[in-house]
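Okay, here's what each chain looks like letter by letter:
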Amino acid sequence: MKRFKSIVLVAVAVLLGAVYVLPAAPAAAQSSASMSIVPKKNYVIEPGKSVKDTLIIRNLDSAQPLQLSLRVVDFTFTDDGGTPKLMIADDAPQTTWSLRPFLNTPNSVTIEPGASKTINIEVKIPAKQGAGSYYSAIVYSSGASAGGNVGLSASGVTLVFASVPGQVKENLVLKKFGAYDSNTAATGSSGYMFLTDKEPQSLAYTLENGGNVTESPVGSITLKDMFGHERTINNVNPSGSLALIGQTRTYTACIKLAAQEVDFQGSKTTTNACTSAGLWPGYYHATLDLFYGQNGNNTQEVTGVASFWYLPLWFVIVVVVVLLGAAYVVWRIVNKVREMLYGPGHKKSLRRRK
Amino acid sequence: MRHRLLRLHALAFIKWRYLWTEEFVALLLALFVFAVPAYAATRLQERGLYMVSNEPGVTTSYTASFRYISPQAIGSVDMLFCVSPIPYEACVTPPGLDVSQATLSDQIGEMGYSILSKSTNHIILTRVPKVITSSDLSSYTFTNMVNPTDTTRSFSIRLRTHTTTDATGTQVDFGSIKGQVQTGTKLETQVPPMLLFCVAEEVTEGCTSTNDTYYANMGQLSADSTLIAHSQMAVGTNASGGFAITANGTPMSAGTNVIDPLATPTASKQGENQFGINLVANNDPAVGSNPEGTFANAVASPDYGIPNQYKYVPGDVVAFSPNVSLMKKFTVSYIVNSRPDLHAGVYTTTLTYIASGRF
């Protein structure tokens, strides 16, 4: 019995010692935080009907399983760009355009290292649902880690848009149009410019969406220089960007587009960027012609005009030098005429008689 | 009154007589009177298109509707299907579209039309020329229309009305109708959009491996030192709209005591309560590194891309790309400073980086 007691005491002592001596490891089981998801889904669903679809999620980590919890949240716009503002708070109110009541997803998914999994989702529109655009986001969250001062967690998002056909309210209003500098806009300033010393590479237009549907306008911009030379931007919304309900959205269009084919994860994809269009300094006039409208609704048209000056510093210097040179030549001619009329060294000015 | 007119005349034509004369102004006004357009085609109103099915590539029915404006005799309607709606631009046939087998199955409003000719992207309706009397909406339904297959671009029907029966001669009215096919059928030739994203203390650029550490220990808070840490994230997408990453989570806290996050880009200052992050290389303190990856589309947000300036506002976009972006790795630097009177405790936070596509 004594021997048994001593064995138990030693075992307890070893256990306690191990607890105190060994380093504190994170309590939670580690999940990978490396994922590949589908960024956007679009559906057209008539009232009373549903759509069943699948989403493929891939665990990019070759060592750890990926454990994700899924939830559906609403979103709106962050600014005049295309970044969604996710309403991730638990008590966030439901928006009028929310797809949450109609969108079913699983609550969680576990994916083995380096593997993919297909999850089923369903969008079911009630029979009496009115026509318009409805959208929400599926958020996939990896678990938060226990330990340390700063815990890290990764989430991916799929934006889900559903269009319910029928008679909708569509109203895009042109707020601004003109030459645009994306770099200036990124700093929080208005990117529009009327006078610039840098060659504009893009034009932009800002539309306010007062309807109850998302809109994706198409059309063209014609840019004309002071000598009447025209160039046309045929695709003014190459990414099919949306103006969300209530959003004032700025769309940019490259004056000259440089398309580049790149290899992304083993497949070819095309990326576009603005490049120098070789504009000469001077005055430019631009006209905008946009079309928008949902299936079964009237096609609406938005038109606008804008102008800008492109005056680089070298051009201003050249103009000033040329003007000064011309003034000098005139002055020399006047002096020559004086000399011819009144002889050399005559100081009398050529003033009109009273 | 006469006195005022004389003064105006004196001001306009005597003082500035070298710039313009009465004769010149008269000529200018005469030019305005005569310089009217030779003809004035107007836009067809309330133009719309209803596609019974807007699945790409399927055979379906189209109903094109519009209201005639000019009260003239109309003998034909020209319907040209193009990618661009702009009438003066070259017409590119929408990929997959075929209206060569179209049949006019119904007409409302201005009637009496039949199909004169049809091809892959062109239909001409003809009738005995008749003056437009009704202001009601007219609509024309066609069956056997094959939808375009490109879901990423809309298409248009360029409409023109003519007095002739074969859509030749001067147009009377014009206008374009926009249509679009959406979703449904998956095209095998298209690569589906993907968004790749990973977060850890250390990650590889392609997200294929991490060091499986999802937290950072920053050490003992002190008014005389700045605590630093870093984490990494890699991201890439083939979606044409690009991506955005937001940083979310409460500021560092211990119970009810909070270390204030920096609301604007601010330099690190010992002895002040500060919590901030940025995504570039810094030397004060020495922490972090610049984004890695050759592709230029993905960048740190301006407020989080200034060396030695730190900021943290929950929900802020910290990195983004407006377009397709190959994989790019960002290193996030964390700094914490504390005042001497900061309440003792273990200050922690969990930051969730959320990567989303853009709309």
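Residues numbered from 1 in each chain as written. Chains lettered and ligands numbered in written order. Predicted model: local features only at pLDDT ≥ 70, side-chain atom pairs only at ≥ 80, totals over all residues.

## Things to note about the overall build of chain A
For clarity, the threshold we go by: Where helices and strands are cited, they refer to DSSP runs of H or I of at least four residues and of E of at least two residues respectively, numbered from the N terminus. In this scheme the burial state of a residue depends on its C-beta neighbours within 10 Å: 20 or more other such atoms mean buried, 12 or fewer mean exposed, and anything in between means partly exposed; the C-beta positions come from the backbone. Throughout, a pair of residues is in contact if the C-beta atoms placed from their backbones lie within 7 Å.
Scanning chain A from terminus to terminus reveals three helices and 21 strands. Within chain A, the fraction of its 354 residues that count as buried is 36%. Expressed as a percentage of contacts within chain A between residues at least 6 apart in sequence, the contacts between residues at least 24 apart total 71%.

## Details of the sheet that holds strand 5 (residues 103–108) of chain B
Residues and elements named next belong to chain B. Put simply, the rule is: Any two strands with at least two DSSP-identified bridges between them are counted as paired. Here an axis means a line fitted to C-alpha atoms, over the contact stretch when the element is a helix, while the angle between two N-to-C directions is reported on a 0 to 180 degree scale.
Read across the sheet, four strands follow the order 2-3-8-5 without closing on themselves; strand pairing throughout is antiparallel. Two strands lie at the open edges of the sheet, namely strand 2 (45–51) and strand 5, each paired on one side alone. Neighbour-to-neighbour, the strand axes of the sheet open up by a mean angle of 15°, direction not taken into account. Where strand 2 and strand 3 (residues 59–67) come together, five bridges link them in antiparallel fashion. Counted as the bridge partner of Met51 is Tyr62 from strand 3.

## Considering the domain arrangement of chain B
The line we're drawing: Each domain span listed reflects an automatic or database assignment of domains.
As far as domains go, chain B holds domain 1 (42–179) and domain 2 (195–357). Taking only C-alpha atoms into account, the centre of domain 1 of chain B sits 55 Å from that of domain 2 of chain B.

## Some words on the interface of chain A and chain B
Let me state the cut-off plainly: Put simply, Ala, Val, Leu, Ile, Met, Phe, Trp, Tyr, Cys and Pro go in the nonpolar bin, Asp, Glu, Lys and Arg in the charged bin, and everything else, Gly too, in the polar bin.
Facing the 67 residues of chain A at the interface are 72 residues of chain B. Residue classes in the side of chain A that touches chain B are distributed as 28 nonpolar, 36 polar and three charged. Judged from the eight bridges that link them, strand 10 (residues 150–164) of chain A and strand 23 (residues 349–357) of chain B form a sheet pairing that is parallel. Its bridge partner lying in strand 23 of chain B, Gly156 of chain A is registered against Ala355 of chain B.

## What to know about helix 3 (residues 313–342) of chain A
Formally: For a helix, the expected span equals 1.5 Å multiplied by the number of residues minus one.
Between its first and last C-alpha, helix 3 of chain A extends 43 Å over 30 residues, near the 44 Å set by a 1.5 Å rise per residue. Of the residues one or two after helix 3 of chain A, Gly343 of chain A is the one with positive phi, at around 90°.

## A few points about the sheet that holds strand 13 (residues 195–196) of chain A
Residues and elements named next belong to chain A. If you walk across this open sheet you meet the five strands as 13-21-20-15-16, and the pairing is mixed. Looking along the sheet, the strands with just one partner apiece sit at the ends: strand 13 and strand 16 (230–233). Examined bridge by bridge, strand 15 (residues 218–225) and strand 16 share four bridges and lie antiparallel to one another. Bridging from a neighbouring strand, Ile221 pairs with Ile233 of strand 16.

## Digging into the confidence of the model for chain A
For clarity, the cut-off: The predictor attaches a confidence to each residue, and that confidence, scored 0 to 100, is pLDDT.
When pLDDT is averaged across chain A, the result is 87; 88% of the residues are at 70 or more. When the criterion is pLDDT under 50, residues 14–28 of chain A qualifies, and its contacts beyond four places in sequence or with other chains add up to eight contacts.

## Comments concerning the pairing of strand 9 (residues 155–162) of chain B
Residues and elements named next belong to chain B. Counting buried residues in strand 9 gives eight out of eight residues, a clear majority hidden from the surface. Where burial is concerned, the two faces of strand 9 agree: the one with Phe155, Ile157, Leu159 and Thr161 and the one with Ser156, Arg158, Arg160 and His162 are both buried. Bridge analysis of strand 4 (residues 73–82) against strand 9 gives seven bridges, and the strand direction is antiparallel. Across the sheet, Val77 pairs through a bridge with Thr161, a residue of strand 9. Sheet topology places strand 9 next to strand 10 (residues 171–179); seven bridges connect them, and they run antiparallel. Bridged to Arg160 within strand 10 is Phe174.

## Notes on the nonpolar core
Nonpolar side chains in soluble globular proteins tend to end up buried together. The condition is simple: Here a nonpolar core is just a set of buried residues of the types Ala, Val, Leu, Ile, Met, Phe, Trp, Tyr and Cys, joined wherever their C-beta atoms sit within 7 Å.
Judged by nonpolar contacts, the single largest core of 119 residues is most densely connected at Ala162 of chain A together with Cys198, Met233 and Ile245 of chain B. Per element, the largest residue contribution to this core is nine residues, and it comes from strand 10 of chain A. Sequence-distant contacts of Ala162 of chain A, defined by excluding residues within four places in its chain, comprise Tyr43, Ile45, Leu99, Val123, Ile125, Tyr134 and Tyr135 of chain A. Grouped together as the second largest cluster of nonpolar side chains are 27 residues, Met51, Phe66, Tyr68 and Ile124 of chain B included.

## Some thoughts on unusual backbone geometry
In this chain, Asp284 of chain B is followed by Pro285 of chain B through a cis amide linkage whose omega measures -5°. You will see that Gln265 of chain A, though not glycine, has its phi angle at about 55°, which is positive. Position of Gln265 of chain A among the secondary structure elements: in the loop between strand 18 (257–264) and strand 19 (267–274). At Cys207 of chain B, a position not held by glycine, the phi torsion is positive, near 65°. By the element assignment, Cys207 of chain B lies in the loop between strand 11 (195–200) and strand 12 (215–216).

## Description of the domain arrangement of chain A
Under the domain assignment, chain A is made up of domain 1 (35–164), domain 2 (172–311) and domain 3 (321–354). In this structure, domain 1 of chain A and domain 3 of chain A have C-alpha centres spaced 80 Å apart.

## Digging into the environment of Leu159 of chain A
Tracing the backbone through its elements, the reader meets Leu159 of chain A in strand 10. A tally of 23 C-beta atoms within 10 Å means that Leu159 of chain A is categorised as buried. Once residues lying within four places of it in the same chain are set aside, the contact partners of Leu159 of chain A are Pro39, Lys40, Pro84, Tyr135 and Ala137 of chain A together with Ser356, Gly357 and Phe359 of chain B.

## Some remarks on the environment of Val262 of chain A
Along the chain, Val262 of chain A turns up in strand 18. On the basis of neighbour count, Val262 of chain A is assigned to the partly exposed category, with 15 C-beta atoms found within 10 Å. Along the chain, Val262 of chain A and Glu301 of chain A lie 39 residues apart, while their C-alpha atoms are 35 Å from each other. Not counting residues within four places of it along the chain, the set of residues in contact with Val262 of chain A comprises Thr269 and Thr271 of chain A together with Val324 and Leu326 of chain B.

## Regarding the confidence of the model for chain B
All names here are of chain B. A residue-level look at chain B finds 86% of positions with pLDDT of 70 or above and a mean pLDDT of 86. Ranking the helices and strands of chain B by mean pLDDT puts strand 14 (residues 243–248) first, with 96, and helix 2 (residues 22–34) last, with 56. Within the model, pLDDT remains below 50 along residues 33–39, and this stretch shows one contact once partners closer than five positions in the same chain are excluded. Confidence over residues 184–190 falls short of pLDDT 50; this stretch has six contacts with residues more than four positions distant or in other chains. ipTM for the predicted complex: 0.82, alongside a pTM of 0.79.

## A few points about the pairing of strand 22 (residues 325–337) of chain B
All names here are of chain B. Of all 13 residues making up strand 22, 13 are buried, and the element is well covered by its neighbours. Of the pairings in the sheet, the one linking strand 13 (residues 227–237) to strand 22 comprises ten bridges and is antiparallel in character. What sits directly across from Ser231, in strand 22, is Val332.

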